[in-house]
Amino acid sequence: MAFSFPKSCFLVSLLVLISMVLAIDVSHDGRAITIDGERKILISGSIHYPRSTAEMWPDLINKAKEGGLDTIETYVFWNAHEPIRRQYDFSGNLDLIRFLKNVQDAGLYAVLRIGPYVCAEWNYGGFPVWLHNLPDIEIRTANGVFMNEMQNFTTLIVDMVQQEKLFASQGGPIILAQIENEYGNVMKSYGAAGKAYIEWCANMAESLNIGVPWIMCQQDDAPEPMINTCNGWYCDQFTPNNPNSPKMWTENWTGWFKNWGGLDPYRTAEDLAFAVARFYQNGGSFQNYYMYHGGTNFGRTAGGPYITTSYDYNAPLDEYGNLNQPKYGHLKQLHEVLKSMEKILTYGDINATDLGNSLFTTVYTYNGTSACFFGNANETSDATVTYEGADYNVPAWSVSILPDCKNEVYNTAKKPTEEKPAPLEWVWLAEDTDDSTLLGKGEISASRLIDQKATNDLSDYFWYMTSLHLDQNDPIWTNNMTLRVNASGQIMHAFVNGEFIGSQWAIYGIFNYVFEKEVRLMPGDNQIAILSSTVGLQNYGAFFDTIQTGIPGPVEIVGRNGDENIIKDLSSHVWTYKAGLNGFDGGFFTPNSLNASSLWQSENLPLNKMMTWYKTTFQAPAGNDAVVVDLLGLGKGEAWVNGKSLGRYWPSYLASEDGCPDGPCDYRGPYSNSKCVSNCGQPTQRWYHVPRSFLKDGDNELVLFEEFGGNPLNVNFQTVVIGKVIGNAPENNEMELSCHGKPISAINFASFGDVKGIEGKFKKGTCESKNDVVSIIEKACIGKTSCKISASENVFGSTNCSGMPKKLVVEAIC
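The shown structure was predicted, so the numbers you read here are calculated from the model rather than taken from an experiment. (Residues numbered from 1 in each chain as written. Predicted model: local features only at pLDDT ≥ 70, side-chain atom pairs only at ≥ 80, totals over all residues. Heavy atoms only, no water.)

A. Geometry of the pairing of strand S33 (residues 637–641). Among the 5 residues that make up S33, 5 are buried, leaving the element largely enclosed by the rest of the structure. Counting the residues in the hairpin turn of S33 and strand S34 (residues 644–649) gives 2 residues, including Asn 642, whose phi is positive at 50 degrees. With 5 bridges joining them, S33 and strand S36 (residues 699–706) adopt antiparallel strand pairing. Bridging across to S36, Val 641 finds its partner in Leu 702. (Buried < 20%, exposed > 50% of the residue type's maximum accessible area, 1.4 Å probe, protein only. Helix = DSSP H or I, 4+ residues; strand = E, 2+ residues; numbered from the N terminus. Pairing = 2+ DSSP bridges.)

Structure (structure tokens):
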């Protein structure tokens, strides 16, 4: 995702997929993607493999398939796979080949977005930071050093995929690949070298002979044979630059990312469905949801800066892999309708009519049959469309779909559970900062201030240390001296002679600030130490890689004597540098760490004390529901379970108290990420995902590094379940379903007869009513906070349950 443009490419097909044992011939003819000689409209969804665990992949992919997707798209994350130059990692959650084979095993297609720049709110846009430190490099432009590294990694990925025969040309699932990503948004800044670079990207990609088409997201001048595609909230008016290219929407943003201090964005199911229906109404052939499952930014992967650990994205599958209703179900219904019309949409003649007042009809005809879309883009007024003598009501900001141009079958408009956990018992130890704050011990030194990226992003933390000798006849010596620092490391903590004097941090979008605090210096040598802390490196924008990180300076001592200010600039002093903190170097977060085993203390647990480590043990919550840890009361830091990082936490950063609407969200009208926001005045993120694969039977270990100072005593583990209600009524009794103020969004199970099983495991018995119980219940209950219905044959039709007691059982989702 990008900051000024919402983002990411995706594919979801509308056909039952053919066997992938034989080679798939993929081409395009200006109207649609053609696979095995048949035109297809494709519906896709983005699932990023590192943002979930390998154990979650099959379930996520199967839920995507059940939701009507035929394609799964993923980025390839260069910095994750090549963290050190020419040293590669494709293990565990980074096993790209395993992920693609999971897609293939599910019978779905894949779109491989190699990039290798991904943006994606991922640290440094997916680039390894060692790139920044190569001599003579300029990133994302016609620069030989960069292009050599980019080609090396791209070729590595292509060779791995080809070796496993995963491209469609080899019989595999990958039908499209992407080179570069949204470069058109920033290319102008790079001038002629940018144009040359994008030409080189196209030629380099084509030379790899992968046998399937290449795409370029958001690249209006994509060189042939690259296919340019659209990203955004709405892409129905997009036209590709090549008339022989299909109309493709690679990023349909299902929601938006969240930043520390930001409100919770929310995109309604109605608006998202409206955008999809409009796209296919206007000749679209391929659209991808970004994201279909957002997942979690584990470890230090979140970019931005200031992107939260959660990357839920309000996607149809939530952060934990649960169905996000009603969005998931509403889109599933839309996909079913569109799939039923695939032949006529890809082969039929199109007749579009503008009826005025933002009302449009589109009629597709093929082999004597017709299909209709009636679209109403008016933001407030419902409309009536008269077609072939019949009237059809089309609500504002909606699309009605009539597969036979007679019967409307679809219209686009029409949390954690809390237990009482046992208190956790904590041990603690203090992060030893004396070597830095008192002694100035470091690893390298220079007579200048250096960029924090010089460490190749080994840690969030980077010490800047210098010594200042003063005597009392120095002109700067007064009773009113301050330390003034120009910073861009997102967060900084300042120490003088081992004493902490203050902290300061940026706000989202404004990362340069000036820190100034009073200091008490002493005659002789004074030790000044500044700890710079990053919260994800910049991931988007022209020349984003060159933005300074850390302490660019100047660093000054300011002496004030009356109206006179005397400034001593320390920027050119000899500075000593050290990356990381002792607890990280000693592996305090690893289970049974020998370096820390004798240091942990159980007495006098400190609260609200900065630079403190906490550790506890806990039992995994019973069952299979997703697990979260509630970190309310803590400041900022990082959390680990059994040595695996859950990511950065920052529950003390509250979202703005302004901007949340008083009433319900109105889906009508164009969407933006500032519309329908929530969570005003609350912690930006309180709950942190603990994948079940991180847990084990018996004792589990939670370790926290608290940077700011917080209280761990209220930390607890809970489970996340989808809200369900059960209705159960004997024959000739009335059944009532109630979601306690929330709308009923879907029906998981419904039967009238001798129903068997228990909650969550209901099944139909040996007899059942002749009418479709599910559709009757859906009509009576969906969208309502409660509903009543009689459990009788008058409603559901006769049964053959002779002599058996009958009952109505319904399992609904709130």
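From this point, things continue past the structure.
B. Fine view of the sheet that holds strand S6 (residues 109–115). The strand order around the closed barrel formed by 8 strands is S4-S5-S6-S7-S8-S9-S10-S11, and the pairing between neighbours is parallel. The mean inter-strand angle of the sheet, taken between neighbouring strand axes irrespective of direction, is 30 degrees. (Axes fitted to C-alpha atoms, helices over the stretch in contact; angles between N-to-C directions.)

C. Fine view of empty space enclosed by the protein. The calculated volume of the largest cavity comes to roughly 50 Å³. In terms of lining residues, the largest cavity is bounded by Val 129, Gln 452, Lys 453, Thr 455, Asp 457, Ser 459, Thr 534, Leu 537 and Thr 549. Classifying every residue of the lining of the largest cavity by side-chain character gives 2 nonpolar, 5 polar and 2 charged. Considered as a void within the structure, the second largest cavity measures approximately 30 Å³ in volume. Residue classes in the lining of the second largest cavity are distributed as 2 nonpolar, 1 polar and 4 charged. (1 Å grid on protein atoms, 1.4 Å probe; cavity = no way out; pocket = protein on both sides within 12 Å on 5 of 7 lines; lining within 4 Å. Points joined across faces, edges and corners; volume = space filled by probe spheres on them. Nonpolar A, V, L, I, M, F, W, Y, C, P; charged D, E, K, R; others polar.)

D. Looking closely at the layout of surface pockets. In this model, the second largest pocket occupies a volume close to 990 Å³. As for the second largest pocket, its lining consists of 30 residues, and the residues nearest its centre are Asn 79, Ala 80, Pro 83, Leu 94 and Thr 301. Of all elements in the fold, only helix H2 (78–81) and S34 reach the threshold of two or more residues within the lining of the second largest pocket. Tallied by class, residues from the lining of the second largest pocket come to 13 nonpolar, 11 polar and 6 charged.

E. Fine view of the packing of helix H4 (residues 144–163) against helix H5 (residues 191–207). Contact geometry for H4 and H5: axes closest at 12 Å, N-to-C directions at 30 degrees. Compared by their axis directions, H4 and H5 come out roughly parallel. In this structure, H4 crosses over H5, and the sense of that crossing is right-handed. Along the contact surface, H4 presents Phe 146, Met 147, Met 150, Gln 151 and Thr 154, while H5 presents Tyr 197, Trp 200, Cys 201 and Met 204. Classifying every residue of the contact of H4 with H5 by side-chain character gives 7 nonpolar, 2 polar and no charged. (Parallel < 35°, antiparallel > 145°, perpendicular 65-115°, else oblique. Left-handed = near helix turned anticlockwise from the far one by under 90°. Contact = heavy atoms within 4.5 Å.)

F. Focus on the nonpolar core. If you look at the biggest cluster of nonpolar residues, it comprises 134 residues, and the most contacted ones within it are Phe 146, Leu 338 and Ile 401. When residues no more than four places from it in sequence are discounted, the contact partners of Phe 146 are Trp 78, Phe 127, Leu 131, Ile 137, Glu 138, Ile 139, Arg 140, Thr 141 and Tyr 197. Phe 298, Tyr 464, Leu 483 and Phe 618 belong to the second largest nonpolar core, which has 61 residues in total. (Core = buried A, V, L, I, M, F, W, Y, C linked by side-chain atoms within 4.5 Å.)

G. Structural view of the side chain of Asn 411. When you line up the elements, Asn 411 lands in strand S18 (residues 410–411). Separated by 3.2 Å, the side chains of Asn 411 and Ser 398 make a polar contact. Among the polar contacts made by the side chain of Asn 411, one reaches the side chain of Ser 400 at a distance of 2.7 Å. Setting aside chain neighbours within four positions, we find Asn 411 in contact with His 330, Val 394, Pro 395, Ser 398, Val 399 and Ser 400. (Polar contact = N/O pair within 3.5 Å; in protein donor to acceptor, adjacent residues only side chain to side chain.)

H. Structural view of the environment of Asp 662. Structurally, Asp 662 is set in the loop between S34 and strand S35 (687–690). Assessed through its relative accessible area of 85%, Asp 662 is described here as exposed. Note: C-alpha distance between Asp 662 and Cys 676 (14 residues apart in sequence) is 10.0 Å.

I. Spatial organisation of the sheet that holds S36. Taking strand neighbours across the sheet as the criterion, the 5 strands line up as S20-S31-S36-S33-S34 in an open arrangement whose pairing is antiparallel. Looking at the sheet topology across the chains shown, the edges are occupied by strand S20 (426–430) and S34. Here the average twist between neighbouring strands, direction ignored, is 20 degrees.

J. Spotlight on unusual backbone geometry. Residue Met 291 is reached from Tyr 290 by a cis peptide bond, and omega for that bond is 0 degrees. Position of Met 291 among the secondary structure elements: in strand S11 (residues 286–293). Following Gly 304, the chain continues to Pro 305 via a peptide bond in cis, the omega torsion being 5 degrees. Relative to the helices and strands, Pro 305 resides in the loop between S11 and helix H7 (327–340). Unlike most non-glycine residues, Cys 119 shows phi in positive territory, near 65 degrees. With respect to the helices, strands and loops of the structure, Cys 119 is situated in the loop between S6 and H4.

K. Representation of the pattern of salt bridges. Here the structure, examined in full by the defined rule, presents 31 salt bridges. Between Asp 451 and Lys 453 there is a salt bridge whose closest N-O contact spans 3.3 Å. What you see here is one network of salt bridges that share partners, running through Glu 82, Arg 85, Arg 86 and Glu 149. (Salt bridge = Lys/Arg side-chain N within 4 Å of Asp/Glu carboxyl O.)

L. A look at helix H3 (residues 96–105). For H3, the set of buried residues is Leu 96, Ile 97, Phe 99, Leu 100, Asn 102 and Val 103. Structurally, H3 contributes buried residues whose contacts are with strand S4 (42–47), helix H1 (57–66), strand S5 (71–75), S6, H4 and strand S7 (174–179). Remark: Gly 107 follows H3 within two positions and exhibits a positive phi of approximately 80 degrees.

M. Focus on the packing of H1 against H3. Running from N to C, H1 and H3 point in directions that differ by 40 degrees, and their axes come no closer than 9 Å. For the pair H1 and H3, the crossing hand works out as right-handed. Between H1, through Trp 57, Pro 58 and Ile 61, and H3, the contact on the second element is made entirely by Arg 98, Phe 99, Asn 102 and Val 103. A class-by-class count of the residues in the contact of H1 with H3 yields 5 nonpolar, 1 polar and 1 charged.

N. Focus on the environment of Glu 55. With respect to the helices and strands, Glu 55 occurs in the loop between S4 and H1. Using a relative accessible area of 53% as the deciding quantity, one classes Glu 55 as exposed. Each C-alpha atom of the pair Glu 55 and Phe 257 lies 24 Å from the other, and the pair is 202 residues apart in sequence.

O. Quick peek at the packing of aromatic side chains. Per the counting criterion, the structure on display carries 65 aromatic pairs. An angle of 70 degrees between the planes, with centres 4.7 Å apart, marks the rings of Trp 650 and Tyr 653 as edge-to-face. Between the NZ or CZ atom of Arg 39 and the centre of the ring of Tyr 347, over which it lies, the distance is 4.8 Å. The ring of Tyr 311 has Arg 51 lying over it, and the distance from NZ or CZ to the ring centre is 3.6 Å. (Phe/Tyr/Trp six-rings, centres within 6.5 Å; stacked < 30°, edge-to-face > 60°. Lys NZ or Arg CZ within 6 Å of the ring centre and 35° of its normal.)

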